[in-house]
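Working through the structure, step by step
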Number of protein chains: 2
Amino acid sequence: MESPKRAATRAASVERIKATARAQLACGGAAALSLREVAREMDQTSSALYRYFANRDELLTALIVDAYNDLGVCTETAERKIDRGDLRSRWRAACRAIRQWAHAHPHEYALIFGTPIPGYEAPAFTVAAATRATGVIARILNDDCAQTTRKTNERDDDEAARALEMSGVQVLMPDVPASVALRGLFAWTQIFGFLSFELFGHLEGSIRRGDDAFEKLIEQTSHQVGLGVEQ
Amino acid sequence: MESPKRAATRAASVERIKATARAQLACGGAAALSLREVAREMDQTSSALYRYFANRDELLTALIVDAYNDLGVCTETAERKIDRGDLRSRWRAACRAIRQWAHAHPHEYALIFGTPIPGYEAPAFTVAAATRATGVIARILNDDCAQTTRKTNERDDDEAARALEMSGVQVLMPDVPASVALRGLFAWTQIFGFLSFELFGHLEGSIRRGDDAFEKLIEQTSHQVGLGVEQ
DNA sequence: CAATATTGAGAGCAGTGCTCTCGTTTAGTA
DNA sequence: TACTAAACGAGAGCACTGCTCTCAATATTG
């Protein structure tokens, strides 16, 4: 059934294919990714690639999972370096890591956060990779709420709880009241909304120094979710 | 040179092509838009379409401009119905209109705010249409600042002014101090960030009732930019 | 009515994803 | 070490795409 040598060379082939596909992605985006071109680049026939990926979508899925994981580890390692108690700094580190990764891999960012592939449903096994970066900033918020209990408006909490899918949110942030979790989710959409606009060119003519603006955004969001402020 | 009759029938043809293309866009997204299929749907040959659009990108551009304009008029008409003095309500109306349009035309939303077409540079004439919806919320903020002068932190203003491309922002919001304009821009990215996440499926498992969450978001953003609060 | 644009059809080219078949190579085994 | 079965890659081929070209039919203008 499983031959270790076979498996190793096969994995190496898969990796080589993904690498050249990624390179091709970098110049032209997902739409321009051509299996034939990848094969040509590798001095092979296109049909050979079908030994490793059933079709184009499957290759794309593999690249998406890799991108999610790469973004995840970048965020995790950057955030881990910060003193656990300094929640604002952890927030900053995580946000900066996300933006840095996005700027370093714009096409892979687009693959993840851009228009979803038409008629393509992300396989269930991708969600683990997908929630990795999100998990970092969720954990920061959770740590904050765990150590400083917050006064929250009861009505706000009820309304927020109704809007949220509590099963999904609570598993990431068990100690965070619903109203705060919702604000956290808004901060999350704001970070990625800014990055999408920046990378997709919607900020052209509006923002000159993206770095400065993003720093301001980090401060605003961390304040918004009430990080590190005694209440 | 210009024959009015010719021009009319030609415009009608262009409109018919765009309509069937839009219909096709609705089931499959931009990547699945095929000129041949459009022609087939119209009982014509694909080559005939090239009398009206030089290539696929040009058709796509036309659809993009239309989408921008459609989103623009929807936002404008919704916001215009509100009493000029009630700035919070105007903000709410504009945001709701944007979300409503996005949900009614998800594929056209994706066309505009999703992954940009690879290697495709938006022609200059598209920006007028593109800034239409943006202009509405910018005007609200501007009206607010025009009637109630704000106390702003001088250092904040300087830093914000450095980050912003003032030429682009000031033409839309001449009466808004830089620090407030930056917060407005952040609110803008948040609205569209939320919508992108919502439509592209990144909120799956996190949010149950998008409507409620969005209402909360509207309140938060309008508060964030300091709408209608005497300062 | 005649000259002239404007239009659509049809064939054809180069490219794509994907399938199938057919030799070759390779890894584990008797 | 020789053998078998699995894995592999090449090549041809199908249906599809965007796009170009030529040629005939149509509509508009002098």
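In short, a report on the structure. Source: prediction; values computed, not measured. (Residues numbered from 1 in each chain as written. Chains lettered and ligands numbered in written order. Predicted model: local features only at pLDDT ≥ 70, side-chain atom pairs only at ≥ 80, totals over all residues. Heavy atoms only, no water.)

1. Brief notes about the interface of chain A and chain B
Contact residues are listed per partner, giving 47 residues for chain A and 47 residues for chain B. Counting the surface lost from both chain A and chain B, the interface buries some 4,000 Å², and carbon and sulfur atoms represent 62% of this. The largest contributions to the chain A side of the interface with chain B come from Phe186(A), Phe197(A) and Lys216(A), which together make up 16% of the buried area. Taken together, the connections running from chain A to chain B amount to 4 salt bridges. For Glu159(B), the salt bridge is made with Lys216(A), and the minimal N-O distance between the two is 2.9 Å. Linking chain A with chain B are 21 residue pairs in polar contact (both at pLDDT 80 or more). Elements that contribute at least two residues to the side of chain A that touches chain B include exactly helix H6 (106-113), helix H8 (154-163), helix H9 (166-172), helix H10 (178-199) and helix H11 (210-224) of chain A. Along the lines of polarity and charge, the residues of the side of chain A that touches chain B split into 25 nonpolar, 13 polar and 9 charged. (Contact = heavy atoms within 4.5 Å. Buried area = accessible area lost by both parts, 1.4 Å probe. Salt bridge = Lys/Arg side-chain N within 4 Å of Asp/Glu carboxyl O. Polar contact = N/O pair within 3.5 Å; in protein donor to acceptor, adjacent residues only side chain to side chain. Helix = DSSP H or I, 4+ residues; strand = E, 2+ residues; numbered from the N terminus. Nonpolar A, V, L, I, M, F, W, Y, C, P; charged D, E, K, R; others polar.)

2. Regarding the pattern of salt bridges
According to the stated counting rule, one finds 36 salt bridges over all chains in the structure shown. Here Arg92(A) makes a salt bridge to Glu219(A), at a shortest N to O gap of 2.8 Å. With Arg92(A) in helix H5 (residues 87-104) and Glu219(A) in helix H11, the pair connects residues that are 127 residues apart, well separated along the chain. What makes Glu219(A) partly exposed here is its relative accessible area of 30%. Where Glu37(B) meets Arg40(B), a salt bridge forms, and the shortest distance between an N and an O atom there is 2.5 Å. In this pair, Glu37(B) and Arg40(B) both sit in helix H2 (residues 35-41), 3 residues apart, roughly one turn of the helix. Beyond isolated ion pairs, a larger network of salt bridges with shared partners links Glu15(A), Lys18(A), Arg22(A) and Asp66(A). (Buried < 20%, exposed > 50% of the residue type's maximum accessible area, 1.4 Å probe, protein only.)

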